[in-house]
Amino acid sequence: MRLLLFGAPGVGKGTQAKLLSIKFNIPHISTGDILREAVKNQTELGKKAEEIMNRGDLVPDEVMIGIIRDRLIKSDCQNGFILDGFPRTTKQAIALDKLLDEMNINDLKLINIYADEEEIVKRLNNRRACKECGKIFTLSEIQDKDECPNCHSRTSFYLRDDDKEEVIRKRLEVFRKNTEPVLTYYEKKGKVISVNGFGDIEDVNKKLLNALSK
Ligand SMILES: [Zn+2]
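Residues numbered from 1 in each chain as written. Predicted model: local features only at pLDDT ≥ 70, side-chain atom pairs only at ≥ 80, totals over all residues. Heavy atoms only, no water.

Overview of the coordination of the zinc ion
The protein atoms that coordinate the zinc ion are Cys 130 (SG), Cys 133 (SG), Cys 148 (SG) and Cys 151 (SG), at distances of 2.3 Å. In this structure, the zinc ion is coordinated by 4 donor atoms arranged in tetrahedral fashion, with angles at the metal of 105 to 113 degrees. Considered as a linear motif, the donors of the zinc ion on their single chain read C-x2-C-x14-C-x2-C. With Cys 130 in strand β5 (residues 127–130) and Cys 148 in the loop between β6 (136–138) and β7 (157–158), this pair connects stretches of sequence that are 18 residues apart. The pair Cys 130 / Cys 148 is uniform in exposure class, with both members buried. (Donors = N, O, S within 2.8 Å, 3.2 Å for Na, K, Ca; no water. Tetrahedral: all angles 85-135°; square planar, octahedral: opposite > 155°, others 65-115°. Helix = DSSP H or I, 4+ residues; strand = E, 2+ residues; numbered from the N terminus. Buried < 20%, exposed > 50% of the residue type's maximum accessible area, 1.4 Å probe, protein only.)

Let's talk about empty space enclosed by the protein
Empty space among the atoms can be located by rolling a probe the size of a water molecule over them. Enumeration over the complete set of coordinates arrives at 1 cavity of 30 Å³ or more. Of the volumes computed, that of the largest cavity is approximately 40 Å³. Taken together, Ile 65, Ile 68, Arg 69, Phe 86, Ala 95, Leu 96 and Leu 99 form the lining of the largest cavity. Every element with two or more residues in the lining of the largest cavity is listed here: α4 (61–72) and α5 (90–102). (1 Å grid on protein atoms, 1.4 Å probe; cavity = no way out; pocket = protein on both sides within 12 Å on 5 of 7 lines; lining within 4 Å. Points joined across faces, edges and corners; volume = space filled by probe spheres on them.)

Concerning the sheet that holds strand β8 (residues 192–196)
Here we have 5 strands laid out as an open sheet, ordered β2-β3-β1-β4-β8, and parallel in their pairing. Each of the sheet's edge strands pairs with one partner strand only, and the pair in question is β2 (28–30) and β8. With direction set aside, neighbouring strand axes in the sheet form an average angle of 20 degrees. In terms of strand pairing, β2 meets strand β3 (residues 81–84) through 3 bridges, oriented parallel. Following the sheet pairing, Ile 29 is matched in β3 by Leu 83. (Pairing = 2+ DSSP bridges. Axes fitted to C-alpha atoms, helices over the stretch in contact; angles between N-to-C directions.)

Some details on the pattern of salt bridges
This model, assessed by the stated rule, comprises 20 salt bridges. Between Asp 57 and Arg 55 there is a salt bridge; the shortest N-O distance is 3.2 Å. Here Glu 119 and Lys 122 are joined by a salt bridge, their closest N and O atoms 4.0 Å apart. Of this pair, Glu 119 and Lys 122 both sit in helix α6 (residues 117–125), 3 residues apart, which is roughly one turn of the helix. Glu 119 sits in the partly exposed class, given a relative accessible area of 23%. A relative accessible area of 51% means that Lys 122 is categorised as exposed. (Salt bridge = Lys/Arg side-chain N within 4 Å of Asp/Glu carboxyl O.)

Regarding the confidence of the model for the chain
Parts of the prediction with low pLDDT should not have their coordinates interpreted in detail. Per-residue confidence for the chain averages 89 on the pLDDT scale, and 100% of its residues sit at or above 70. Mean pLDDT per element in the chain: α4 is the minimum at 80, and β7 is the maximum at 95. (pLDDT = per-residue confidence, 0-100.)

What about the layout of surface pockets?
Within this model, the second largest pocket holds a volume of roughly 150 Å³. As for the second largest pocket, its lining consists of 15 residues, and the residues nearest its centre are Ala 8, Asn 112, Tyr 114, Phe 175 and Glu 180. Put simply, the parts of the chain that give the lining of the second largest pocket at least two residues each are β4 (108–114), α6 and α7 (165–188). Of all the elements, α7 adds the most residues to the lining of the second largest pocket, at 5 residues. Here the lining of the second largest pocket is built from residues that sort into 10 nonpolar, 2 polar and 3 charged. (Nonpolar A, V, L, I, M, F, W, Y, C, P; charged D, E, K, R; others polar.)

And the structure:
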């Protein structure tokens, strides 16, 4: 099973990708995670990506395509994968098609998780990350807590730049402008499955599995 998970930033697609990864025993490949890791390690790519992401912009296509190629040729992708955060432009989608063609893969499906934009802004603005372990919590989860439930660091919660309202709105705008054509691209190929992302994690997951079994 080869899946692309598609949806605006903050729609909860990362969480759904992890659940599908466990269910079908295929790797969840999050380009966001790969990039954040590079930023943390301050690699050459990481430094470049950090500057771009802090502006709320997208990392250049050629950088992203290189990262994806390196990842998909690894042996754990033999029986499938879930790509999360890629492709974000039609140019990337065309490059991905070319790569999959070379790999003789033709069963790709795009899962489109959609949600209301104001709901997304509210949801992201209510998140706090732990400076030490990187785990993300909702405000209600850490209410009255001054230590991280995951790593027990004290006063380590902060609002990530990515989750600030101004940056979220910019990212949503970039998303609309650059990535909605990707959806159209795959719709024309008849490869899109759309699921409403509003609701709790389990409900959305059930809807997803149901749609995939059809
Ligand atoms: Zn922590």
